[in-house]
Amino acid sequence: MYPQNNKDNAVREIIRLERLEKTYYLESLEVPVLKGIDLSIYNGELIGIMGVSGSGKSTMLNILGLLDVPTGGRYFLDGQEVRNFSDNALAQLRNAKIGFIFQSFNLSPHLTVEQNIEMPMVYAESPKKVRRERARELAERVGLGHRLKHRPRELSGGECQRIAIARALGNSPAYLLADEPTGNLDEKTSDEIMELFTGLHQEHHTTIVMVTHNPDLESLFDRVIHLRDGRVV
Amino acid sequence: MLIRDLYYLSLHNLLLHKIRSFLTSLGIIFGVGSVIAMLAISGGAKNAALDQIAALGIDNIIVFTKSLKKPGGSESDPSRTLDYGLTHVDMKNIEKMENIRHITSIRNGRLQITRGVDVLDVEMFWVTPDFLKDLNCSIIRGRWLTPPDFKNAAPVCVIGRDVKRKLFNLGETEIIGRILHVPFGAFTIVGILENNAGTSIEGINSINDSIYIPSTTGRKVFSEYTAETGPRMLKIHHVEHDIFIVKVKDTQVIDHTARRITSLLNKTHDDKDWGIHVPLSLLKQKEQTQNIFTIVMGSIAAISLIVGGIGIMNIMLANVYERRKEIGTRRAMGAKKKDILFQFLIETVFLTTMGGVAGIGLGIGLSAAVTRFSGMPSDVSMWSIVGSITISGIVGVLFGTYPAWQAANQNPIDALKAE
C-alpha cells in the first residue's frame, strides 16, 4: 500500500480522516451522509474512491476538497488539522494543497491555454514571469507545449482535460483531487488521460485521489476505497 | 490576488463582450452626457450673465436719475418745470466722499435723431472724459474726446460703431471729419468707438448705437432744460445728470460706500428720483441664482445616472448567474471571496467609468451642437469633467457592490454544479 518508488520523500500521510461524519439538517430532518469514515492516504498514492450514487461520494469529495466542512470527526491535510478554518484560510489551503480536476474540465473558454493554466498561480500571487514559465513547463509535461496560445474551444476534449491537469499542478499541490476526470471522454481518450495520470503517479510520485464509478479503472489504482451508504467497505 | 491581475481579468471580461458592455453602459453614457451638456449650457448662460455684469465694472457704483411719474406740485399746472434727478451738487458731494476714485457723468441728450423723415434708434449722450475707459470701450477709428474739446466745449462728437450704418450711406467709407447734423446743432465726427464687452447700463440702450459729445458742449449747445410737448401741454424737464458711474478705490468696502451714497442722496433729495446699482452685488446675487439653477439642472440629469446604474446592476446580476460555474471553479482553485468580489466590482466600475468617459465626449458634442444650432453659449468646465468621471466611478461602486457581493457569496459547491 505504501508508495513503492518514492526515493526523495519519506512516507508521509497526506490525508487522514478520523471518524469523519457529515450530516445534513433539513428542517427537523437529520440526513447523515457520511457515517464515520477512517482513512489515510499517503504521498505518491493513486487512490480511487468508488461507490454508487447516494453513497456519499460527492460529499466526501467536497470535504476532501475543502469546499465543505464535516460535522464530526477530524480531517488532517498534509499533517495539519483542518478545523474551524475561516473561509479565507480554506481558500488559501485549497490553492496551495489541492489540485482540482473536474469532469467537465471547467476551463475558461475566453482565456488562452496559458492563462487557464496560470489561474491557481494567479491566486497564489506568483509573479507573471514565474507563472508564464511554469505554465509552459506544465503544458509541455501534459504534451501540449505547442498549444499555449490556443483557446479551449480549439482543443479536443482530451486536450482540454490535459490542460486542466496541468492547471491543477500549478502550485505543486499536496495531491490532485479528480472528480470523474474521464466521465466526459470517449474510451480511447479516457485511456490516454488515465495514462497521463499513471505517468504522473509513477514518474513524479504525484498523490492522486480520483472519484469515479467506472469499474474498468479499478485495476489502475494502488488502492480503491469503496463507499457504500456513507461508510467505507 | 495581485491588483494588476485583477484589473487585467476584469478588463478582459468586458472586452470579451464588447457589444454587451457598450449596451450596458449606455445608461451611464447618456446620463453623463446629459449632465455634462446641462452643466455646460447653464454654465455658459451663467458666464454670459456674469460677463455682462462684470462689464459694468466690479469697482463701479452706478447712480442714475429716475424720471418722476408724479412730480411734486399739481398736475393741473400744464406748464410746470419738472426739476429732478442727480445734480451738480450731488456730484461734488459724492466726489468728496472717501473711497471714491472719480465719477463719470452721463447725460442723455433727449434728442430725436432723424435721417430724412425716419426717426432713428440712436441717442446722444453728454459724457465726461473717463466715459471711454469706465465703460470698457475702445476707439476703432479717429480719436476720443480730448481735454481741449471739454475745455472749449468744442462741437465734436464720437459715434458708436453701429451709428455709421444708420446715418450714412453704404458707400461712404471715410466719415471722420464729417459734420453730423442734429436738431439745434452740428458736430464734427472725430472718432468711432466700439464696445465689445456687451456692457449695458441703466438708461443706455446700446453703447454702439449712440453718439457722444463733451458734457460742456452739451450744456452750451442744448442747455439742461428740455421741453416735452403734447396736446395742450408743455412740460419743461430740468435734469442735470442722468448717470454717475462712481469708481471706487477699494472694492472690499464697495457696499459700504454705496450705502453712504444712498444716505447722502436720501438726505438731499425729497423725492425718490434716483436709483443705485452695485454691479458687484448684482454679480454675487446672479452667481447665487445661477448656482441654484445649475444644481437643479445637474440633479435632474443625475437621475438618469441612477437609472443607468440600476441597469448596470441588473446586467451584472444576470452576469453573475451566468458565470456561476466560473465562480465555482475559481473558488476551488483558491480564489477568496474578496478576489471574486473585487473581480466583479472592478468590472462594474470599469464599465461605468468607461461609460463616463464616453458620456463626456457625448456631452461635449451635445453642448457644442446646442451652441451651434441655437446660439446659446456653453462652457464645459474642467470640474464637470473630473466630477463626471468620479461620479461614474461612484455609481459603479454603488450599483456594482450588490452583484459582486452575490458573486462572492455563491456557495462554491452549488456554483460548480451550475451549467
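Quick caveat: nothing in here was measured; it's all calculated off a predicted structure.

## Quick word on the overall build of chain A
Then, in step 1: Scanning chain A for helices and strands turns up six helices and ten strands.
Then, in step 2: Against the 2.2 N^0.38 benchmark of 17 Å for 233 residues, chain A shows a C-alpha radius of gyration of 18 Å, consistent with a compact globule.
Then, in step 3: When its C-alpha atoms are laid out on the principal axes, chain A stretches across 55 × 40 × 40 Å.
Then, in step 4: In chain A, which comprises 233 residues, the proportion classed as buried is 56%.
Then, in step 5: Residue pairs in contact within chain A that sit at least 24 positions apart in sequence constitute 73% of those at least 6 positions apart.
Then, in step 6: When the accessible surface of chain A is split by element, carbon and sulfur atoms take 46% of a total near 10,700 Å².
Then, in step 7: On chain A, the mean spot of the 28 positive side-chain charges and the mean spot of the 32 negative ones are 5 Å from each other.

## So, the overall build of chain B
Then, in step 1: Regarding its fold elements, chain B presents 13 helices and 15 strands.
Then, in step 2: Since a compact globule built from 419 residues should have a radius of gyration of about 22 Å, the 34 Å found for chain B marks it as more spread out than a globular shape.
Then, in step 3: When the backbone C-alpha atoms are referred to their principal axes, chain B occupies close to 105 × 55 × 40 Å.
Then, in step 4: For chain B, buried positions account for 49% of its 419 residues.
Then, in step 5: Within chain B, residue pairs in contact and separated by at least 24 positions form 79% of the contacts whose partners lie at least 6 positions apart.
Then, in step 6: Summed over its atoms, the accessible surface of chain B is roughly 20,400 Å², and 61% of this surface lies on carbon and sulfur atoms.
Then, in step 7: The positive charge centre, built from 45 side chains, and the negative charge centre, built from 38, are 6 Å apart in chain B.

## Observations concerning the interface of chain B and chain A
How big an interface is tends to be stated in terms of accessible area lost as the parts join.
Then, in step 1: Listed per partner, the contact involves 24 residues of chain B and 26 residues of chain A.
Then, in step 2: It is M333, K336 and I413 of chain B that lose the most area in chain B upon contact with chain A, and together they represent 27% of the buried surface on that side.
Then, in step 3: Counting across the interface, chain B meets chain A through two salt bridges.
Then, in step 4: Of all the secondary-structure elements, those providing two or more residues to the side of chain B that touches chain A are α1 (3–16), α10 (324–332), α11 (337–374) and α13 (412–417) of chain B.
Then, in step 5: With six residues, the top contributor of residues to the side of chain B that touches chain A is α10 of chain B.
Then, in step 6: A per-class count over the side of chain B that touches chain A returns ten nonpolar, five polar and nine charged.

## Comments concerning the domain arrangement of chain B
Then, in step 1: Domains assigned within chain B are domain 1 (3–52 + 285–417) and domain 2 (67–272).
Then, in step 2: One C-alpha centre belongs to domain 1 of chain B, the other to domain 2 of chain B; they are set 57 Å apart.

## Examining the packing of aromatic side chains
Then, in step 1: Across all of its chains, the model carries seven aromatic pairs over all chains by this definition.
Then, in step 2: Ring centres of F125 of chain B and Y212 of chain B lie 6.1 Å apart, and the angle between their planes is 20°; this geometry places the pair in the stacked category. With F125 of chain B in strand β6 (residues 123–127) and Y212 of chain B in strand β11 (residues 210–214), the pair connects residues that are 87 residues apart, well separated along the chain. Neither residue differs from the other here; F125 of chain B and Y212 of chain B are each classed as buried.
Then, in step 3: Every member of this aromatic cluster is reached through a ring pair, and the members are F125, F131, W144 and Y212 of chain B.
Then, in step 4: For the cation-ring pair, R16 of chain A lies above F76 of chain A, with the distance from its terminal atom to the ring centre recorded as 4.4 Å.
Then, in step 5: The residue whose ring lies beneath K272 of chain B is W274 of chain B, and the NZ or CZ to ring-centre distance is 3.6 Å.

## Description of the nonpolar core
General note: in soluble globular proteins, nonpolar side chains tend to be found buried as a group.
Then, in step 1: One finds I15, L17, I49, M60, L64, Y75 and Y175 of chain A to be the most contacted residues of the largest nonpolar core, which totals 68 residues.
Then, in step 2: Per element, the largest residue contribution to this core is seven residues, and it comes from α11 of chain B.
Then, in step 3: Apart from residues no more than four positions distant in its own chain, I15 of chain A is found in contact with L39, S40, I41, L64, Y75, F76, L77, Y175 and V209 of chain A.
Then, in step 4: Listed in part, the 33 residues of the second largest apolar core include I101, I163, L176 and L196 of chain A.

## Some remarks on the pairing of strand β7 (residues 175–179) of chain A
Sheet faces and side chains relate simply in a regular strand, where the side chains alternate between the two faces.
Residue and element names in this part refer to chain A.
Then, in step 1: Burial analysis of β7 places four of its five residues in the buried class, which makes it a mostly covered element.
Then, in step 2: Note that strand β6 (residues 98–101) and β7 share four bridges and pair parallel. Bridge pairing in β7 places F100 opposite L177.
Then, in step 3: What joins β7 to strand β8 (residues 208–211) is helix α6 (residues 187–204), and the crossover it makes is right-handed.

## Some thoughts on the pattern of salt bridges
Then, in step 1: Across all of its chains, the model carries 34 salt bridges over all chains by this definition.
Then, in step 2: Residue D5 of chain B is joined to R131 of chain A by a salt bridge in which the shortest nitrogen-to-oxygen separation is 2.8 Å. With one member in each of two chains, D5 of chain B in helix α1 and R131 of chain A in helix α4 (residues 128–141) form a pair that bridges those chains.
Then, in step 3: Of the residues examined, R131 of chain A reaches a relative accessible area of 2% and is grouped as buried.

## Some thoughts on the sheet that holds strand β3 (residues 46–50) of chain A
All names here are of chain A.
Then, in step 1: The six strands lie next to each other as β6-β7-β8-β3-β9-β10, forming an open sheet whose pairing is mixed. The open sheet has two free edges, formed respectively by β6 and β10 (231–232), since each of these has just one partner strand.
Then, in step 2: Relative to the sheet, helix α1 (residues 57–64) contacts β3, β6, β7, β8 and β9 (223–228), its axis offset from that of β7 by approximately 150°.
Then, in step 3: On top of the sheet, helix α5 (residues 157–168) reaches β6 and β7; it is set at about 165° to β6, its chief contact.

## Focus: the packing of α5 of chain A against α6 of chain A
All names here are of chain A.
Then, in step 1: Packing of α5 against α6 brings their axes to within 9 Å, and their N-to-C directions diverge by 20°. Looking at the two axes, α5 sits roughly parallel to α6. Judged by the sense of rotation from one axis to the other, the crossing of α5 with α6 is right-handed. Of the residues in α6, those touching α5 at G158, Q161, R162 and I165 are T189, E192, I193, L196, F197 and L200.
Then, in step 2: The residue inventory of the contact of α5 with α6, partitioned by class, reads five nonpolar, three polar and two charged.

Conventions we followed
Residues numbered from 1 in each chain as written. Chains lettered and ligands numbered in written order. Predicted model: local features only at pLDDT ≥ 70, side-chain atom pairs only at ≥ 80, totals over all residues. Heavy atoms only, no water. Helix = DSSP H or I, 4+ residues; strand = E, 2+ residues; numbered from the N terminus. Rg over C-alpha atoms; globule rule 2.2 N^0.38 Å. Buried < 20%, exposed > 50% of the residue type's maximum accessible area, 1.4 Å probe, protein only. Contact = heavy atoms within 4.5 Å. Areas by Shrake-Rupley, 256 points an atom, 1.4 Å probe, with all protein chains shown as cover. Lys, Arg positive; Asp, Glu negative; His and termini not counted. Charge placed at Lys NZ, Arg CZ, Asp CG, Glu CD. Buried area = accessible area lost by both parts, 1.4 Å probe. Salt bridge = Lys/Arg side-chain N within 4 Å of Asp/Glu carboxyl O. Nonpolar A, V, L, I, M, F, W, Y, C, P; charged D, E, K, R; others polar. Domains from an automatic or database assignment. Phe/Tyr/Trp six-rings, centres within 6.5 Å; stacked < 30°, edge-to-face > 60°. Lys NZ or Arg CZ within 6 Å of the ring centre and 35° of its normal. Core = buried A, V, L, I, M, F, W, Y, C linked by side-chain atoms within 4.5 Å. Pairing = 2+ DSSP bridges. Right-handed = clockwise from strand over helix to strand, strands pointing away. Axes fitted to C-alpha atoms, helices over the stretch in contact; angles between N-to-C directions. Parallel < 35°, antiparallel > 145°, perpendicular 65-115°, else oblique. Left-handed = near helix turned anticlockwise from the far one by under 90°.

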